[in-house]
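Observations on chain architecture
Each chain, letter by letter, is given below.
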Amino acid sequence: MRLLLLIFLCPLALQGCIAVWGSSYNVAMHNSRSVVVEYDPAVINLPAMLRDVQTLCTKFNKDAVLDSTSRGNLGILVNTYRCETRMADTVIDIQN
């Protein structure tokens, strides 16, 4: 009986996180120096999250670099990305 109850309650609990954020992650804070993202590792769309983090840093002509990961409430993970200045942003053409 407990197993049956667990099977029905788990999907409902996971839907709650997505419903609150509207996606599998939440950008909690961002500025020209960093981006902080909260996410549930059970339902994360990692490529989409990384693409969004890089897009936010690109607004300042910077690259996103993972700085730290910590654990929040209810198993939610929190990643902090530094927005670092690009060292080289040009392509060298060696054919000419």
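Computed from a predicted model, the values in this text were never measured in an experiment.

Moving on, we get to the state of the cysteines. Within the structure shown, the criterion is met by 1 disulfide. Each sulfur in the disulfide pair Cys-57 and Cys-83 lies 2.0 Å from the other. Because the torsion about its S-S bond is -65 degrees, the bridge between Cys-57 and Cys-83 counts as left-handed. Taken as a pair, Cys-57 in helix H2 (residues 46–58) and Cys-83 in strand E4 (residues 77–85) lie far apart in primary sequence, 26 residues in all. Cys-83 shares its class with Cys-57; the two are buried.

Our next topic: H2. Side chains that are three or four residues apart share a direction in an α-helix, a result of its 3.6 residues per turn. The first and last C-alpha atoms of H2 sit 18 Å apart over 13 residues, in line with the 18 Å expected at 1.5 Å per residue. Within H2 the residues assigned to the buried category are Ala-48, Met-49, Val-53, Leu-56 and Cys-57. Looking at the buried side of H2, the elements it contacts are strand E1 (25–30), strand E2 (34–39), strand E3 (62–71) and E4.

Turning our eyes to something else, we now look at the sheet that holds E2. Spatial strand order, E1-E2-E4-E3: 4 strands in an open sheet with antiparallel pairing. At either end of the open sheet lies a strand with only one pairing partner, and these are E1 and E3. Averaged over neighbouring strand pairs, the angle between their axes works out to 25 degrees when direction is ignored. With respect to the sheet, H2 is in contact with E1, E2, E3 and E4, its orientation differing from that of E3 by roughly 125 degrees.

All right, on to the pattern of salt bridges then. Evaluation of the coordinates by the stated rule reveals 3 salt bridges. The salt bridge partner of Arg-86 is Asp-63, with a shortest N-O separation of 2.8 Å. Of the two residues, Arg-86 sits in the segment after E4 while Asp-63 sits in strand E3, which places them 23 residues apart along the sequence. Exposure remark for Asp-63: the relative accessible area of 31% places this residue in the partly exposed category. In this structure, Glu-84 and Arg-82 form a salt bridge, with 2.5 Å as the shortest nitrogen-oxygen distance.

Quick look at unusual backbone geometry now. With a phi close to 55 degrees, Asn-61 is a non-glycine residue in the positive phi region. Position of Asn-61 among the secondary structure elements: in the loop between H2 and E3. Unusually for a residue other than glycine, Leu-74 sits at a positive phi of about 55 degrees. Within the fold, Leu-74 resides in the loop between E3 and E4.

Within the secondary structure, Val-35 sits in strand E2. Placed 17 residues apart in sequence, Val-35 and Asp-52 show a C-alpha to C-alpha distance of 9.9 Å. When near neighbours in sequence (up to four residues on either side) are disregarded, Val-35 contacts Val-27, Met-29, His-30, Val-53, Leu-56, Cys-57, Asn-79, Thr-80, Tyr-81 and Cys-83.

Thresholds, definitions, all that
Residues numbered from 1 in each chain as written. Predicted model: local features only at pLDDT ≥ 70, side-chain atom pairs only at ≥ 80, totals over all residues. Heavy atoms only, no water. Disulfide = S-S within 2.5 Å. Helix = DSSP H or I, 4+ residues; strand = E, 2+ residues; numbered from the N terminus. Buried < 20%, exposed > 50% of the residue type's maximum accessible area, 1.4 Å probe, protein only. Expected span 1.5 Å × (residues − 1). Contact = heavy atoms within 4.5 Å. Pairing = 2+ DSSP bridges. Axes fitted to C-alpha atoms, helices over the stretch in contact; angles between N-to-C directions. Salt bridge = Lys/Arg side-chain N within 4 Å of Asp/Glu carboxyl O.

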